[in-house]
Amino acid sequence: MSGLLQISDPHFGTEQPPVVEALARFVEAQRPELLVLSGDITQRATRAQFNAARRFVDRLAIPHRLVIPGNHDVPLYAFWMRLFAPYARHRAAFGDALEPTIETAGWAVIGVNTTRWYRHTDGEVSAEQIEQVAQQLQRSAGDASKLRIVVVHQPVAVTREKDAHDLLRGREAAVRRWAEAGADLVLGGHIHLPFVLPLQSVDGTLPRALWCVQAGTALSSRVRAGQANSVNLIRRDAPSQGRQCTVERWDFARSSGEFECAEIHTLALSAEAARAPARA
Ligand SMILES: [Fe+2]
Ligand SMILES: [Fe+2]
């Protein structure tokens, strides 16, 4: 069964070589079909850090890749760059598209750039971005065999009150509209804390199941207290099992020096996309 690997917040520049090597071995063993890199690729958006990240991604040789920037991928101290060319280095490493998409037989994955040059760490999603993603989701909304995923950097939900200041601005409208349009999962990073949360537990009026899937930091020494480096591996389950997917969290274990499966969530998905109201 093909899989989607979510790597978030590797913060190249603070990457740990033994973890880098373990993740390369993990990918070789699992052979995922898609790679999602959900931002904070670098620590300080330097050319050298982006180059190291690009070399690593190339080395993984995963057939499809989707990369979005995080707040750390916009230069912080180089003010001229921050103002006039905030994504120049990101683009040089990963291509011009800041909101790439992947469409395959089983997957529709849509990236959203939630960083803003005028915000330091906060992220936001605009009304225009919300609608654009919704239109893309609706193109495959009738196809129950396809897993529809939106990727942002800052989280659309948190599990701890102390992380509330990191929530994505504009998330309420985004979550509602994307649920209507047929999204199944919203992937994020930023807070270096992995979890899976049904968004209907945040907004009980959502018309269908939509899940918040957060990844920890894959490679960086900037781990939260008590958290390991981790990645998520998402698998589409066989149609005979109903419409569902699994999210496996793999933690780097210092004892073995390898990524080990730490948790498996089975997510029930809505049978089909709700019909979205027509928009002007
Ligand atoms: Fe981060
Ligand atoms: Fe971040």
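What you see is a predicted model; the values in this text were computed from it and never measured. (Residues numbered from 1 in each chain as written. Chains lettered and ligands numbered in written order. Predicted model: local features only at pLDDT ≥ 70, side-chain atom pairs only at ≥ 80, totals over all residues. Heavy atoms only, no water.)

### A look at the overall build of the chain
Next up, step 1: Across its full length, the chain holds six helices and twelve strands.
Next up, step 2: Over its C-alpha atoms the chain spans a radius of gyration of 18 Å, differing by no more than 12% from the 19 Å that the globule rule assigns to 280 residues.
Next up, step 3: In terms of principal-axis extent, the alpha carbons of the chain reach across some 45 × 45 × 35 Å.
Next up, step 4: Of all 280 residues assigned to the chain, the portion counted as buried reaches 58%.
Next up, step 5: A sequence separation of at least 24 residues applies to 73% of the contacts in the chain between residues at least 6 apart. (Helix = DSSP H or I, 4+ residues; strand = E, 2+ residues; numbered from the N terminus. Rg over C-alpha atoms; globule rule 2.2 N^0.38 Å. Buried < 20%, exposed > 50% of the residue type's maximum accessible area, 1.4 Å probe, protein only. Contact = heavy atoms within 4.5 Å.)

### Quick word on the side chain of Arg148
Next up, step 1: By secondary structure assignment, the location of Arg148 is in strand 6 (residues 147–151).
Next up, step 2: Buried charge without a partner: Arg148 forms no salt bridge, and the closest opposite charge is Asp184, 4.3 Å away.
Next up, step 3: Looking at Arg148, its side chain comes within polar contact range of the main-chain oxygen of Ser140, at 2.7 Å.
Next up, step 4: Within the structure, the side chain of Arg148 is placed 3.1 Å from the backbone oxygen of Asp143, a separation counted as a polar contact. (Lys, Arg positive; Asp, Glu negative; His and termini not counted. Salt bridge = Lys/Arg side-chain N within 4 Å of Asp/Glu carboxyl O. Polar contact = N/O pair within 3.5 Å; in protein donor to acceptor, adjacent residues only side chain to side chain.)

### Thoughts on the coordination of the iron ion (ligand 1)
Next up, step 1: Donor atoms from the polypeptide that bind the iron ion (ligand 1) are Asp9 (OD), His11 (NE2), Asp40 (OD) and His192 (NE2), placed at 2.0 to 2.3 Å.
Next up, step 2: Geometry at the iron ion (ligand 1) is irregular, judged from its four donor atoms and the angles of 87 to 175° they form at the metal.
Next up, step 3: Counting along the primary sequence, the residues that act as donors to the iron ion (ligand 1) give the motif D-x1-H-x28-D-x151-H.
Next up, step 4: Metal-to-metal, the separation of the iron ion (ligand 1) and the iron ion (ligand 2) is 3.6 Å; Asp40 coordinates the two. Of the two residues, His11 is situated in the loop between strand 1 (3–7) and helix 1 (17–30) and His192 in the loop between strand 7 (185–188) and strand 8 (195–198); the sequence distance between them amounts to 181 residues.
Next up, step 5: Note on His11: relative accessible area 0%, which makes it buried.
Next up, step 6: By relative accessible area, which is 7% here, His192 ends up buried. (Donors = N, O, S within 2.8 Å, 3.2 Å for Na, K, Ca; no water. Tetrahedral: all angles 85-135°; square planar, octahedral: opposite > 155°, others 65-115°.)

### Looking at the sheet that holds strand 4 (residues 101–103)
Backbone hydrogen bonds hold the strands of a sheet together, and the pairing may be parallel or antiparallel.
Next up, step 1: Ordered in space as 4-5-6-7-9-8, the six strands form an open sheet in which the pairing is mixed. Pairing within the sheet leaves two strands with one partner each, and these edge strands are strand 4 and strand 8. Taking each pair of neighbouring strands and ignoring which way they run, the sheet shows an average axis angle of 15°.
Next up, step 2: Of the strand pairs in this sheet, strand 4 and strand 5 (residues 107–111) are connected by three bridges, and their pairing is antiparallel. Its bridge partner lying in strand 5, Thr101 is registered against Ile110. (Pairing = 2+ DSSP bridges. Axes fitted to C-alpha atoms, helices over the stretch in contact; angles between N-to-C directions.)

### A word on the coordination of the iron ion (ligand 2)
For a metal with four tetrahedral donors the ideal donor-metal-donor angle is 109.5 degrees, whereas six octahedral donors ideally subtend 90 or 180 degrees.
Next up, step 1: Coordination of the iron ion (ligand 2) by the protein involves Asp40 (OD), Asn71 (OD1), His153 (NE2) and His190 (ND1), with metal-donor separations of 2.1 to 2.2 Å.
Next up, step 2: Here the iron ion (ligand 2) binds four donor atoms, and the angle range of 90 to 152° at the metal identifies the geometry as irregular.
Next up, step 3: Of note, the iron ion (ligand 2) draws all its donor residues from one chain, in the sequence arrangement D-x30-N-x81-H-x36-H.
Next up, step 4: For Asp40, a relative accessible area of 1% gives the class buried.
Next up, step 5: In this structure His190 comes out as buried when scored by relative accessible area, which is 11%.

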